[in-house]
Structures are given as structure tokens and as C-alpha cells.
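Here are the chains, one letter per residue:
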Number of protein chains: 2
Amino acid sequence: MATLRLAGWAKALEYSDLPSDVVRAAVRSFYNWAGCTIGGSNHAATLIARQSLAPFFGASTSTLLGHKGEVKIDAQHAALINGIASHVHDYDDTHLDTIIHPTGPVASALLAAAEWRTGVSGQDFIAALVAGIEAECKVGLAVWPEHYDVGWHITSSTGSIGAAVAVSKILGLTMSETAHAIGLAATQVVGLREMFGSHTKSFHPGRAAQCGLLAAVMAQGGYTSSETTLEAKRGWANVVGSSKADILQSLDKWVGGEGEFSLVNNGVGRWEILRNSFKPFPCGIVIHPIIDACAQLHGEILSKNLDIHKIKSVTAKVHPLVLELTGKKTPKDGLEAKFSVYHSGACGLRFGKATPAEYDDAVVLDPEVIAIRDRITAEINTALTPDQAMVTVELEDGQVFTKTIEHAIGSLEVPLDETMLKTNAPPVLGEGATAASKACWEIEAAEDICNITQFM
Amino acid sequence: MATLRLAGWAKALEYSDLPSDVVRAAVRSFYNWAGCTIGGSNHAATLIARQSLAPFFGASTSTLLGHKGEVKIDAQHAALINGIASHVHDYDDTHLDTIIHPTGPVASALLAAAEWRTGVSGQDFIAALVAGIEAECKVGLAVWPEHYDVGWHITSSTGSIGAAVAVSKILGLTMSETAHAIGLAATQVVGLREMFGSHTKSFHPGRAAQCGLLAAVMAQGGYTSSETTLEAKRGWANVVGSSKADILQSLDKWVGGEGEFSLVNNGVGRWEILRNSFKPFPCGIVIHPIIDACAQLHGEILSKNLDIHKIKSVTAKVHPLVLELTGKKTPKDGLEAKFSVYHSGACGLRFGKATPAEYDDAVVLDPEVIAIRDRITAEINTALTPDQAMVTVELEDGQVFTKTIEHAIGSLEVPLDETMLKTNAPPVLGEGATAASKACWEIEAAEDICNITQFM
């Protein structure tokens, strides 16, 4: 029953049902997504996708973010390309329990669809965004961690389902149509982890957005799939759940049942969007504690008027996942460097920060950065949680500095405040960034979502 | 090395390398695909897809089959919608070793791309078609049967790779770009078997075609994926191979190695396209022996001037897969009836044939057909091969007729000849069917593939 119950829950959810903290989390998620997408709009991956696919563009209804509303393309391609831009800097949000980046697939599809259909209010947009994010995170929890371990990029493999649920809401699909949309989305499983470090990692949430949008549109037209897609013997959970032993119980626990965690247990269960977090650094979240430590050490060393280049050695004690996911010792470009704890730590020490600029190819190949990078040793410490790290720097003169991080900045325990919530937008939009920022924060009040995209 | 070797092999393959029987198989495959696609062009699933997605159509470059060249849409949507039409009657070809329907994903993408780019000769088209079909069948063999057993629709989960390889050839991608196209295609895994019996079964090869086309176009633009997608630890074979124990050896055996079966062992190994077969009946191939037997019994009973409606009972001895895949006792419409050995056998007995007309919803609900259907008992006989069946009919007057099938019509042992190769096209194209048929048979001679689509 998971599929139909998810469809029924999503169909019934209204803005007025949402607790205020859920609304606030949704607005923050949208704001952060818009900033990431604007910031990623001039990345090579985004530009290649746009240029390659231009011969196929249809009617210009939906905004390509990063051009102050001046570039519109068809909704299918807008969903894809905005989705790519949203993830290409690895700067987007993270649902910590599943490491899904939830807003990319859902918001990319939703904004494109809302502009295509017109007349969608900010409040209806928020309700649909929440429904989509809850759907993808809950189905993700049902298959976690086996699904990710075997090699699926869980952001996109669940993202198409979230996008379909969200778009189904604003298009006004019935419960049954929504179930068929979930089926059409779930039968398109996007995202192998092998792609990490290449442009295709960012293709994943973009294509998931497009798949979800397509699914909702076709289901509304009467295209049939199945009303038992998630739970069927040869349905989504069994096929992509990688032989998780209790997959159907897990699906019921998180999606279709009535227990504490189930999505349909609205108002009693928990909201996944409240567990969404925002990144201070544009790279895999497992490196964040090390960057946090290194950036703080940068400040300490400089405050004593010492030379950051006279580092003799750096030892980072890290959780095992850090080396599994981000163990690249000699990244050859910016995308690979996001999977290098060594480059990321070196930027923290050298610059006191890690923003998209520190992942430019030129910085990755900068001899001064490489000199520091190559002095970093990462040691696995199985006693650490993923959120902890300890970094020790020894200078050539023998002075030693140590920093221990319990919870990295950006975690639920040390959240980014509103002013720190990086938008990424200023370098792309210039003076227009203020207007874009204001429009995003005020999304709830928009009578028609089309009124705010002109600033984005 | 499988990915790069596949890319290198495909890039190097030329029309002049192809043995004459391979060329003939390719032309037959294309002809059969065109017939199925034209025949499926007015099915509800095809029409819904076309109507729902019309708001997103781009430049009109590529023919939607079934309209004598009068309807063109953008290449991406043409690939999708022709792919849906090609499979919607379950009438398309079958690679018997994997039950992949190989031509749908590849030809749907290839024809759309060739018309978009223009100037692609019939011979280059044939070489690309062969490359794509070999690629999808070989990667399919590498993961067969675990991949299918767990629930993937292997036609589409491998079809995107075949489509990407084929389109890469006609677009002129380098070996490295082709490898990245394979990666972009492989990271979009389309097709859950749960969808069998719904419109979405036909969506699968259509979407695979579109995914492969998109992959080749983006890779040519410089969008990067991975050059080790198939064989990497968290790459395609490991992720979708469902823990097949020797997956990497299997991949080498069929794709990247140099042994008897390997794809790169061109000229020494075997050609999968020679193992492609064509369907006399528009339904799952496992039912074909029963329909064959029933249709022959129809002829025998009528030849004795006996009344086919006076059947007392029918007993069909079948391979176990028949009931696993097609055990629906009371199908409610034509799509479900394709998964009913009972309805299919009843049509063989009642009409002496099973064509798309026998899977119209009205026939499925016809009381006379239902009366025969409900008298059929299917018994599993594990001694039978999938190609064998034995059907016994007892009439009310006690007369008994029995037919044993060793190899169903349409199998490699009893292939359809040219005149029997159903095109499906006549009811759709009317008098234009002859011109369409001629154009397809003469594809090899076409200077530009655009010259033949005007008849299709």
C-alpha cells in the first residue's frame, strides 16, 4: 500500500497543514537551492548541457536561473539544466540521515512546471516542495544504507520520485494519477556513484527533476504505470534495495505505515525537511569537519603572525567514510578536488575558507596549495563520528597547533544562520543579487511564482 | 577496460566489416521495427505520450512514424514516442538469449538522430544499428539472468547503452567521447518489470532511446562521465548485476575481453544480431508455442467441420516461465491480455491467429473468447524447454486433438520468411504500406536516411 498511501498523503497535504518550522525550513531550502543554482549557472557543466541540448528546446516558458529572468526555455530542459546547476558545486543542501541533497530534484522540476502552468501561488509551491522532499527522503530512508552502499547516487534515484510527487500536486493530479506518476518516475532510476568527480554527478539531480516532471505530465494525460510500484515484488524497493533483508517492513516504517516515522502519519511522525542542513563548503559533507578545523587553524596561525607556508606536517584524524569517499590524493581538476580531503584541508589552511573559487582548476593546480596538500596525512579513527575530526599542524619551527571539531559548521547542531546561508548568487548576478535574495525569502507571499523568477 | 574497449570497437566498426548475413539481419530488424512502430503509432499509449508532451516539443526535424512522413517533431521526443510505439503491441523482435527486444531503443534513437543531423547514408545507418544492437545484447548477456530475475526490464536497462553507442557513431564521436556517452547512458537505468501490463512497459524502450540519444549529444558537447562505467566498483555491472558472483569475468567474456564471445573479438566471436528473432504474435515470446499449437488445432478442428465453440476442456503443458510471466487468468484489457496464456491460447483456438486485433480490449472482454479462455488449464512441465508446448483439446462430443510444438514459429529454428514478416503497417498506412515496405527493404541503398522516412 506504500505507493497509494504516499500518493494520497501528498495529494491531501495543504499549506495550512504545515507547522511553522516546516515552512521556515522549506523557505530556507528554496533560498539555498536558488543560490546554488544561480551560482552554478555559469559552470562548464551547465553551459555544455545548455549548448548541447539547445537544438531540442521547445516553447520558452521556464526560467534558466542566473540570468535575472532573461533566459527562458521549455520546462523539461529548464528542470534538467537548473538541476545540474544546483548541484555542480556540491554546495547544495543535505538530508543528513540519507545524504540525499533533497531540494535540487524537487525544486528544479517544480519551478519549471509552475512557470509553465502559471498561477501557482507561493504557498502552494511551498506545500508541493515539502511533499516532494518528504517523499524522496522517506523512500530514501526505506532503502538506506544498502542502496547507497552498492553504488546508487541516492539523491537522484529517489529524486525523481520526489519531483513527481511535487509536480503532481501543482498540476492537480488525482490520488490515482499521482500513484501512476510515482510509478513512471520510479521506473527511471538515475545515478551511479561511479560518476562522482565528473560532470555527470550534477546531471543526476537534473535528470531526476526532468524524469519526475515528465512522469507527472504523462500520468495526468492518462498514461498508466502501476499503483504498487514501490512495494511490488519486482517494484522499486525490491529492485533497488539491494537485497535489504526487511525492505518491505522498512518501506512501511518510513512511507506507507502508521508508525512513528511513517510519512502518512502526518502531524505525529517526523518531518525530514527539519533534518535538512546547508553547506558552508561546496564539497562532500564528510570533509566539512576537517575544513572547519583547518580554517580555524589558519586564523590561529595568522593571528600569531606565523607563516602558513612553513607547515612541516599536518595530521588529520578522520572517520573512515572520509577516505572512502574523498581520498583522492592528487586531484587533477576542481570536480575531482571536491573528493579530496587533502585539497580541501589545504584550502582551509592556506585561505581560511573553501568556497567555489577554491575549487577552480587553477587553484587545484597551484603549487603553493599542492605544497600544503602533500604534507597532509589522513588517519582513520573508527572512534570518531562522521561529524568529528581532529587536525594537528606542526610548523617547521616545531610549534604545534591542534583543533578538535565535535560538530562541523552547517550541521544541525551548528546551523548556518540566515546571513551566513551562502547564496552563491552575488558573483553571478552582481548588483541583482539583492533583489534575487529578497524575492526568494518572500516566496510565501507570491501570488504567482512567475512574479519572482524575473529576479533570479 | 570493458567501457573503453566497447567504445573503441564501436567507433571502428564500418559497414564494410559486416558479413552479409549480419547486414541482412540488420535490414530485417529495421524493417520489423518500422512495421511495429507504424502499427503502434495509433495505440492509446502512443497517443497519450504524444499529446501530453506536445507542449515541450522543439524544432521539427524527426519523423513520428505512422503518418507517411507528415508529422515531424524534435529528435528527443521522436526517439521517445517512436520507441513507445515500437513496443506497445509487444510485437517487436527478441534476442532469445536475453529476451532483450533489441531494435526498439537503438533504431528509435538512431532514426531520430539521423534525420536531425541529415546526410547519414543507409550503410552508415546499418553499421550504427549493428553496433548498438551488439552493445546492448552483449552488456545484457554480462548481467543475465540475475539482472532480469531481480526485476529489471532488460530491454531498456541495456537499451540506453545500445542507443548511445549507435548515435555516437553517426554523430562522429571519438572513442573517448563514446565512452563518456556510454557512461551518461548507463547512469540512467530505465525499467522495472512491475510495469508489465501497463502503458509504462512501452515507455521503457522509448525512454531508453531518448536517454541514449541525450547521452551521445551531451558527450559530444564535452560533458564528462567516466571511462570505466561498465566495470567500475560502483559502476553499471556491479550496481545492476544483482550480486552476480562473477560479474567482472562475465563482462569480460561478453564485452571487453578477447575470447570467443567477446564483442571486441570482431570477426571471430559471434554476432548477437544473428540470434535476433521476429514475432508472429504480439505478446510475450514464452506464450508463442501455445498460440502456435492452438492456431494449428483451430485449423484441424475446422477442417473436420467441427464447432470450435463446443470445446469441453483444453490442457496446455508449458514451461514454468509461462505461468510466472503470463499467468493472468482474467485480464481486464488488451495490455494485460498479453500476459495471459489463457487469453492468447483462446484466440489461437477461436480465430486461428493472434494479431494486435486479438488484443483489442473488446476481444478480451468478448464472452465467446472468455468462454474458451476459462476452459483452458495450464500445467507446468519442467521437462519442457521454453520453446516447447503440448496442447490437448477435448470437444463436448469426446473427440480429442493434440498438438506438440518443438519450436514455435518465429524461433531461430522456424524463422519467419520475408513475406511473413509482419509489418503491422497496412491497417495504419492503408495503400501507403507498400511504399513504406519498399523504402525499408531498400534502406541500404539510401544516400540519406531522410529520403525514406517520407513513406513511413
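Residues numbered from 1 in each chain as written. Chains lettered and ligands numbered in written order. Predicted model: local features only at pLDDT ≥ 70, side-chain atom pairs only at ≥ 80, totals over all residues. Heavy atoms only, no water.

Below, the discussion takes up the layout of surface pockets. To locate leftover empty space, one rolls a probe as large as a water molecule over the atoms. All names here are of chain A. For the second largest pocket, the calculated volume is near 900 Å³. Within the residue set of the lining of the second largest pocket, elements represented by two or more residues are α14 (320-326), α15 (334-337) and α19 (426-429). Considered class by class, the residues forming the lining of the second largest pocket number 13 nonpolar, 15 polar and 13 charged. (1 Å grid on protein atoms, 1.4 Å probe; cavity = no way out; pocket = protein on both sides within 12 Å on 5 of 7 lines; lining within 4 Å. Points joined across faces, edges and corners; volume = space filled by probe spheres on them. Helix = DSSP H or I, 4+ residues; strand = E, 2+ residues; numbered from the N terminus. Nonpolar A, V, L, I, M, F, W, Y, C, P; charged D, E, K, R; others polar.)

Residues and elements named next belong to chain A. Under the domain assignment, chain A is made up of domain 1 (2-278 + 422-453) and domain 2 (285-405). Each of domain 1 and domain 2 has a C-alpha centre, and the two are 33 Å apart. Taken together, the contact pairs 16 residues of domain 1 with eight residues of domain 2. Linking domain 1 with domain 2 are one salt bridge. The residue glutamate 324 makes a salt bridge to arginine 193 at a minimum N-O spacing of 3.8 Å. Inspection of the region where domain 1 meets domain 2 yields one residue pair in polar contact (both at pLDDT 80 or more). Of the residues in the side of domain 1 that touches domain 2, the class split is five nonpolar, eight polar and three charged. (Domains from an automatic or database assignment. Contact = heavy atoms within 4.5 Å. Salt bridge = Lys/Arg side-chain N within 4 Å of Asp/Glu carboxyl O. Polar contact = N/O pair within 3.5 Å; in protein donor to acceptor, adjacent residues only side chain to side chain.)

Below, the discussion takes up the sheet that holds strand β9 (residues 400-405) of chain A. Either a parallel or an antiparallel arrangement is found when strands of a sheet pair, and the pairing is made through backbone hydrogen bonds. Residues and elements named next belong to chain A. Taking strand neighbours across the sheet as the criterion, the four strands line up as β7-β6-β8-β9 in an open arrangement whose pairing is mixed. Looking at which strands have only one partner, the edges of the open sheet turn out to be β7 (376-380) and β9. The average angle at which neighbouring strand axes cross in this sheet is 15°, direction not considered. Relative to strand β8 (residues 389-395), strand β6 (residues 311-318) runs antiparallel, the two sharing six bridges. Among the inter-strand pairings, alanine 316 is bridged to a residue of β8, identified as valine 391. Strand contacts of helix α13 (residues 288-303): β6, β8 and β9, with the helix running at about 140° to β9, the strand carrying the most contacts. Docked against the sheet, helix α16 (residues 341-351) engages β6, β7 and β8, running at close to 120° with respect to β7. (Pairing = 2+ DSSP bridges. Axes fitted to C-alpha atoms, helices over the stretch in contact; angles between N-to-C directions.)

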